[in-house]
Amino acid sequence: MPRMSLRERISEGLFLLDGAMGTQLIASGVEAGECNDYLNIDSPDTIFEIHQAYFRAGSDAVLTNTFGANKFALGRHGFSDKVKEINTAAAKIARRAAGKERYVLGDIGPSGDFLQPLGNLEPEKLEDAFAEQAKVLSAGGVDGFIIETMTALDEMTIAIEAVKSVCGDLPIFASMAFDKVAGGFKTMMGVDIKSAVAKMVALGVDAVGFNCGTATLDEYTELAGKYVLAVKQLGKDVLIFAEPNAGKAELVDGRAVYKVSPEDFAAAAEKIHSLGINIIGGCCGTVPEHIKAICGKTKNKK
Ligand SMILES: [Zn+2]
């Protein structure tokens, strides 16, 4: 574990997260549709090297490769009984890459199902599933948690409560995925920024953020400004983090391709940073070069 706690470190100034894991896995030859989370067991070296590449690029923290490592998401690949094994392995790999000076965030993504009454998922079962995952990650030595790419407020609420119930006092980052639609930014499930921020802050997380979604870099910068405003209006002292995609995906031969250069990404990150957002990383389409470019532009600023 690093000497300074994650909570102390993030309050100090600029803190860089990593970029995408999935994009790097595809680049390393993993087929789309494979269970990325099982690679912690199957190809630990591949995951370790990706974490290392981000640390070399200047990331202060990496996210464990556990985006889909809850019981429900794993169940789609026939691995619902492997929650412990997969999350334990993932935490260990990230911890080893982070060494003593850098940080590891336990990554928790959505279940991929809809809660009742929209779907069949029972809230208690979902809470158990997130708590199960968080407990294993916590035992594996993560420094904190990131609950991300959420689109439904009820699932986000359950995830935060579940993590809180098992993680002791570890910091929690919570993030939703927004799309730019007519009339502003909304998640796929219709949640607006104000409601998202108010709910996450009320639940007592350390940092609220946005990641993924579909927007151009200019729109992500606009979204960042709206987050700053929403937090300010609440009058609460809470950190904000931003993990935009490498711009908006273009479909090429049926595949999503992200074309934003590291320089353009870093320029947007610098604008986002200048709004007062100190925790920055990347989501889909970002690679170590994007993080390295942010580092080059911002490393002398706190
Ligand atoms: Zn993404």
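Asker: Requested: an account of the coordination of the zinc ion, with residues and values cited.
Answerer: The protein atoms that coordinate the zinc ion are Cys212 (SG), Cys283 (SG) and Cys284 (SG), at distances of 2.2 to 2.3 Å. Look at where the donors of the zinc ion fall in the sequence and you get C-x70-C-C. Here Cys212 is found in the loop between strand S8 (207-211) and helix H10 (217-234), whereas its partner Cys283 is found in the loop between strand S12 (279-280) and helix H12 (288-298), with 71 residues between them in sequence. Residue Cys212 is classed as buried on the basis of its relative accessible area, which comes to 14%.

Asker: Could you give an account of the pattern of salt bridges, with specific residues and numbers?
Answerer: For the coordinates displayed, the defined rule picks out 8 salt bridges. Residue Asp143 pairs with Arg95 through a salt bridge whose shortest N-O separation is 2.9 Å. You can see Asp143 sitting in the loop between helix H7 (123-139) and strand S4 (144-150) and its partner Arg95 sitting in helix H6 (residues 83-98), a full 48 residues away along the chain. An identical accessibility class is assigned to Asp143 and Arg95; each is buried. The salt bridge partner of Glu250 is Lys259, with a shortest N-O separation of 3.1 Å. One salt-bridge network, in which partners are shared between bridges, spans Arg7, Asp169 and Asp206.

Asker: Residue-level account of the packing of aromatic side chains, with values.
Answerer: The tally for this structure, following the rule as stated, stands at 6 aromatic pairs. Between Phe15 and Tyr103, the ring centres sit 5.7 Å apart and the planes meet at 65 degrees, which makes this aromatic pair edge-to-face. With a gap of 88 residues between them, Phe15 in strand S1 (residues 15-16) and Tyr103 in strand S3 (residues 103-108) connect regions that are remote in the sequence. Assessed through its relative accessible area of 4%, Tyr103 is described here as buried.

Asker: Describe the packing of H10 against helix H11 (residues 262-274), and please don't skip the residues or the numbers.
Answerer: Relative placement of two packed helices is described by the angle separating their axes and the distance separating the axes. With their axes 9 Å apart at the nearest point, H10 and H11 run at an angle of 15 degrees to one another. By the angle between their axes, H10 is roughly parallel relative to H11. Between H10 and H11 lies a crossing of right-handed hand. Residues Leu217, Asp218, Tyr220, Thr221 and Ala224 of H10 form the contact with H11, whose own contacting residues are Asp264, Phe265, Ala268, Lys271 and Ile272. Class assignment for the residues of the contact of H10 with H11 results in 6 nonpolar, 1 polar and 3 charged.

Asker: Describe the sheet that holds strand S9 (residues 239-243), with residues and values.
Answerer: Spatially, 8 strands are ordered S1-S12-S9-S8-S5-S4-S3-S2 in an open sheet, and the strand pairing comes out parallel. Because the sheet does not close on itself, it has two edges, and the strands there are S1 and strand S2 (61-63). In terms of strand pairing, strand S5 (residues 172-176) meets S8 through 4 bridges, oriented parallel. Bridging from a neighbouring strand, Ser175 pairs with Gly209 of S8. Across the sheet, H6 is in contact with S2 and S3; its angle to S3 comes to roughly 155 degrees. Sheet strands touched by H10: S5, S8 and S9. Its angle to S8, the strand with the most contacts, is close to 160 degrees.

Asker: Could you give an account of the pairing of S5, with specific residues and numbers?
Answerer: A large share of S5 lies buried, amounting to 5 of its 5 residues. Side chains of S5 alternate between two faces, with Ile172, Ala174 and Met176 and Phe173 and Ser175 buried alike. Where S4 meets S5, 4 bridges bridge the pair, whose relative direction is parallel. In the sheet register, Phe145 faces S5, and the bridge partner there is Ile172. Crossover connection from S4 via helix H8 (residues 153-166) to parallel S5: handedness right-handed.

What counts as what
Residues numbered from 1 in each chain as written. Predicted model: local features only at pLDDT ≥ 70, side-chain atom pairs only at ≥ 80, totals over all residues. Heavy atoms only, no water. Donors = N, O, S within 2.8 Å, 3.2 Å for Na, K, Ca; no water. Helix = DSSP H or I, 4+ residues; strand = E, 2+ residues; numbered from the N terminus. Buried < 20%, exposed > 50% of the residue type's maximum accessible area, 1.4 Å probe, protein only. Salt bridge = Lys/Arg side-chain N within 4 Å of Asp/Glu carboxyl O. Phe/Tyr/Trp six-rings, centres within 6.5 Å; stacked < 30°, edge-to-face > 60°. Axes fitted to C-alpha atoms, helices over the stretch in contact; angles between N-to-C directions. Parallel < 35°, antiparallel > 145°, perpendicular 65-115°, else oblique. Left-handed = near helix turned anticlockwise from the far one by under 90°. Contact = heavy atoms within 4.5 Å. Nonpolar A, V, L, I, M, F, W, Y, C, P; charged D, E, K, R; others polar. Pairing = 2+ DSSP bridges. Right-handed = clockwise from strand over helix to strand, strands pointing away.

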